[in-house]
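# Breakdown of the fold
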Protein chains: 2
Amino acid sequence: MMKGIVLIMDGMGDRPLKELDNQTPLQAANTPNMDKMAAEGITGIMDSIAPGIIPGSDTAHLSILGYNPYEVYTGRGPFEANGVGVDVLPGDIAFRCNFSTADEDLIVTDRRAGRIKSGTKEIVEVLNTMKLEDYPDIKIIFKESTGHRAVLVLRGEGLSDKVSDADPKVEGNKPKEVKALDDSEEAKKTADILNQLVKKSYEMVKDHPVNLKRIEEGEPPANIIIPRGAGEVPVVESLNDKYEVNSACIAETGLIMGIGRFAGMDIIEMEDVTGGIDTNLYNIRDTIIDQVKNSDHDFFLINIDGADEAGHDGQIKEKKEFIEKVDEIVMSELIKLEDVYIYLTADHSTPISVKNHSGDPVPVIIRGPEVRVDDVCEFSEVACAKGGLNRIRGSDVMNIMMDLMNYAHKFGA
Amino acid sequence: MMKGIVLIMDGMGDRPLKELDNQTPLQAANTPNMDKMAAEGITGIMDSIAPGIIPGSDTAHLSILGYNPYEVYTGRGPFEANGVGVDVLPGDIAFRCNFSTADEDLIVTDRRAGRIKSGTKEIVEVLNTMKLEDYPDIKIIFKESTGHRAVLVLRGEGLSDKVSDADPKVEGNKPKEVKALDDSEEAKKTADILNQLVKKSYEMVKDHPVNLKRIEEGEPPANIIIPRGAGEVPVVESLNDKYEVNSACIAETGLIMGIGRFAGMDIIEMEDVTGGIDTNLYNIRDTIIDQVKNSDHDFFLINIDGADEAGHDGQIKEKKEFIEKVDEIVMSELIKLEDVYIYLTADHSTPISVKNHSGDPVPVIIRGPEVRVDDVCEFSEVACAKGGLNRIRGSDVMNIMMDLMNYAHKFGA
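The name given to chain A in an unreviewed UniProt entry is 2,3-bisphosphoglycerate-independent phosphoglycerate mutase, with Methanobrevibacter millerae as the source organism. Taken directly from UniProt, the Function (unreviewed entry) text for chain A runs: "Catalyzes the interconversion of 2-phosphoglycerate and 3-phosphoglycerate." Note on chain A: under the UniProt heading Sequence similarities (unreviewed entry), the record states "Belongs to the BPG-independent phosphoglycerate mutase family. A-PGAM subfamily."

This is the structure in structure tokens:
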């Protein structure tokens, strides 16, 4: 069977920069392998969501995987939870949390607990024994993320995501009382659970050995949990069921792995990857080549994150050079794959001038055995706008790939 | 902050004409400033609503401002009412009306009251004192428009726009009895109000001094009001709230000013503008430049109407020359603006051969600090089809502009 790859260079798209003679970093970069792929493929530009809409990496990837982000993106909570590896279930209510520092009156004195770096795993082990007397049937699941971050998942009957945040935003205040955002009993119940849970978290971990040690060392203890960003985990059909594929996600960051888990993809772990421009591109390359050649997976979502980081940081040279490194290390090998459809693109633009995502479209190449090759021979935002795909949307990607791979079915007779 | 302009040359798009060597008027016109803007910008073609759909100027402008015309365009009534300056409220039922001439049996003898040119303002003053005994809580608001045209707004509880027209269409008939178009009490009530109102209008103004004078002079009196085109004023979010801008509308015609009012934009009045090819383009230009440079407004909708009029009238030479005049007088100054995004386009095509609107797409230029400049150097229907924007829709315009101006927010993380 034919295999297919959607390879996303996170945030690679950009706007013309004076510093680069009015070129984008991708235009300025020396990318012989990507240019060869453009020459051998069909090109175009893509709006991950719609023209001018600024996607997050999460909403962009959802759209590219064929999910309507306006329907399934219920908030950060569920996707963060997915990303850090909690097996969320449809109907679960998920939250992003901070480990914070509170005093005995529950006044928050440091929202990020001194940007705690280690020990949260041990604290979470204690928090995960939490039971609320008033709500014995509600399962409470905590999971630490990076630094002071964590997620919280509530599981049980009669819950709602229509609740406000506990985050006081400004230090020197108590956690905000969580309130129901509609008149439903479910929202009132969930708000009450959260208010009890915040207080109880303090009681349970204020004297945790990790925290006693931090206090001894003059560090703010991670002694309270502050949830925000409630979202109900949506019910969706898995990618494998929807498109009859056996899919895998190869990504560096929790956010994208979370999207992969959400879509029911197998997650391929990699060593030594950072999500930054210092990541180990050799490992990423070898993982891709190994998976494509030796695994049963036939469809891959791959995300390489460094260009986005450089864009957020406004680093022109670093963004350009990272793109060149990907071309040299990764694309040089991918271009040797035969009988594989490769869809090369970005999830969104992260212009150096904006230092954040923008709604500018991204360039696309599809290279594979039977594409209608156009005359574009360069991979860039400007060159690909003249390509044979014209302007397509993220929501078209899976349909186009499945069609080319001959996995799709006719609609009608 | 960055400013943005959407400048619409009404009805400028066209089809190739034998008389112009198979060029469109825009292709044939000498437009050095617009061509320079094309060279410095990114170009494309746009379907104001969707490919092949023939927009009105109103529905096209609604779409370009980010409103779905299929949802908000409830009929001509509300937009005409807005256009002539009635402060309509959501829930009001608005109608277009004719001043007509009726005899004492209420037989309509002239649907347009001899195309009456003056005096309707005085007649409306009397009509605006109308109260219906059966419906004391319903507020009845008349407002004269140009010539024999007027609008009627009904305000109060329990009204509906599901009512038929009173217009008999053919002279020699009584006004049609207005009927409820559904089974609701609201529609029945509204129909009854209109039937009473038509009769009462005759009683109130048949002996109005303006009419007595017209009869004396052998002119048909404007002695009855015939409503049609019922529409409920929709509830919409203002442009300023939706996009966090401070917006203004610079337009020549009531129709477009009505769209601006509908969107909650500030309306900038101009002297000596006609909406035709004889309009004062210097005043339009000076108003634009003054507003962009000296006002607090950061987003502008500008409409210049002459090319549409020439299209409706089938005047090839006049259409081409008007485009050239706009280029020479207006664009020559706009092109000097820096740190301003200019979106130059038409709302629809008004082909000379059709003498009415068509569904052909219109050319687009976006010129501004950070656009991805393409290699199109001419502003025309054909040249811009090769541009870097490819083919977009009216509904994309605000999103693209807000993204470029960095006013937009990310959806997701």
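## Concerning a negative patch on the surface
Together, A:Glu269, A:Glu271, A:Asp272, A:Asp278, A:Glu309 and A:Asp313 make up a negatively charged patch on the protein surface. Along the polypeptide, A:Asp272 turns up in the loop between β9 (266-267) and α11 (281-294).

## Description of the pattern of salt bridges
Residues and elements named next belong to chain B. With the rule as written, the count across this model stands at 39 salt bridges over all chains. Salt-bridge contacts for Arg-155 lead to Asp-92; the nearest nitrogen and oxygen are separated by 2.8 Å. With a gap of 63 residues between them, Arg-155 in strand β6 (residues 149-155) and Asp-92 in the loop between α5 (76-83) and β3 (93-102) connect regions that are remote in the sequence. Relative accessible area serves as the criterion here: at 2%, Asp-92 is assigned to the buried category.

## Some points on the nonpolar core
The biggest cluster of nonpolar side chains holds 84 residues, and the ones touching the most others in it are A:Ile5, A:Leu65 and A:Ile366. Tallying contributions element by element places helix α13 (residues 316-334) of chain A first for this core, with 7 residues. In this structure, A:Leu65 is in contact with A:Leu239, A:Tyr243, A:Ile259, A:Ala263, A:Met265, A:Phe299, A:Leu301 and A:Met398, ignoring residues within four places of it in sequence. Listed in part, the 79 residues of the second largest apolar core include B:Met9, B:Leu62, B:Val292 and B:Val340.

## Quick look at the relation of the copies chain A and chain B
Mapping chain A onto chain B leaves a residual RMSD of 0.2 Å; the transformation is a rotation of 123° accompanied by 0.1 Å of translation along its axis. Taken together, the rotation and translation relating the two chain copies correspond to the operation of a three-fold axis. Across chain A, the rotation axis passes nearest the C-alpha of A:Asn390, at a separation of 3.7 Å. Here only 3% of the contact residues of chain A are again contact residues in chain B; the copies associate through non-equivalent surfaces.

## Some details on the sheet that holds strand β8 (residues 247-250) of chain B
All names here are of chain B. Reading across from one edge, β9-β8-β10-β1-β11-β12-β2-β13 is the order of the 8 strands in this open sheet, with mixed pairing throughout. With one partner strand each, in any of the chains shown, β9 (266-268) and β13 (390-393) form the two edges of the open sheet. Strand after strand, the sheet turns through a mean of 25° between neighbouring axes, direction not considered. The pairing of β8 with strand β10 (residues 299-304) spans 4 bridges and is parallel. Looking across to β10, one finds that Cys-249 is bridged to Leu-301. Its contacts with the sheet place helix α11 (residues 281-294) against β1 (3-9), β8, β9, β10 and β11 (340-345), and it is angled at close to 175° to β10.

## Section: the domain arrangement of chain A
Residue and element names in this part refer to chain A. If you check the domain split of chain A, you get domain 1 (3-74 + 235-404) and domain 2 (80-232). The straight-line distance from the C-alpha centre of domain 1 to that of domain 2 is 35 Å. Each partner contributes to the roughly 580 Å² buried at the junction of domain 1 and domain 2, and carbon and sulfur atoms together form 52% of this total. Three residues stand out in domain 1 for area buried against domain 2, namely Thr-74, Val-235 and Arg-261, and they jointly supply 66% of the buried area on that side. Counting across the interface, domain 1 meets domain 2 through 0 salt bridges.

## As for the interface of chain A and chain B
Each partner contributes residues to the interface: chain A has 37 residues there, and chain B has 21 residues. Interface area, chain A with chain B, both sides summed: about 2200 Å², of which 51% is carbon and sulfur. Applying the counting rule to chain A against chain B returns 3 salt bridges. Note that A:Lys386 and B:Asp375 form a salt bridge whose closest N and O atoms lie 2.4 Å from each other. If you look at where chain A meets chain B, you find 16 residue pairs in polar contact (both at pLDDT 80 or more). Looking at the side of chain A that touches chain B, the elements with two or more residues in it are α3 (57-64), α4 (69-72) and β13 (390-393) of chain A. For the side of chain A that touches chain B, the class distribution of residues is 15 nonpolar, 13 polar and 9 charged.

## Details of the UniProt feature "domain: Metalloenzyme" (unreviewed entry) in chain A
When the UniProt feature table is mapped to this numbering, "domain: Metalloenzyme" (unreviewed entry) covers residues 2-403 of chain A. Helix makes up 33% of residues 2-403 of chain A and strand 19%, whereas the separation of the span's terminal C-alpha atoms amounts to 11 Å.

What counts, and at which threshold
Residues numbered from 1 in each chain as written. Chains lettered and ligands numbered in written order. Predicted model: local features only at pLDDT ≥ 70, side-chain atom pairs only at ≥ 80, totals over all residues. Heavy atoms only, no water. UniProt positions renumbered as here; feature names shortened; annotations may be inferred. Patch = residues over 30% accessible without salt bridge, like charges linked within 9 Å, V, L, I, M, F, W, Y side chains within 5 Å. Areas by Shrake-Rupley, 256 points an atom, 1.4 Å probe, with all protein chains shown as cover. Salt bridge = Lys/Arg side-chain N within 4 Å of Asp/Glu carboxyl O. Lys, Arg positive; Asp, Glu negative; His and termini not counted. Charge placed at Lys NZ, Arg CZ, Asp CG, Glu CD. Helix = DSSP H or I, 4+ residues; strand = E, 2+ residues; numbered from the N terminus. Buried < 20%, exposed > 50% of the residue type's maximum accessible area, 1.4 Å probe, protein only. Core = buried A, V, L, I, M, F, W, Y, C linked by side-chain atoms within 4.5 Å. Contact = heavy atoms within 4.5 Å. Least-squares fit on C-alpha atoms with pLDDT ≥ 70 in both. Pairing = 2+ DSSP bridges. Axes fitted to C-alpha atoms, helices over the stretch in contact; angles between N-to-C directions. Domains from an automatic or database assignment. Buried area = accessible area lost by both parts, 1.4 Å probe. Polar contact = N/O pair within 3.5 Å; in protein donor to acceptor, adjacent residues only side chain to side chain. Nonpolar A, V, L, I, M, F, W, Y, C, P; charged D, E, K, R; others polar.

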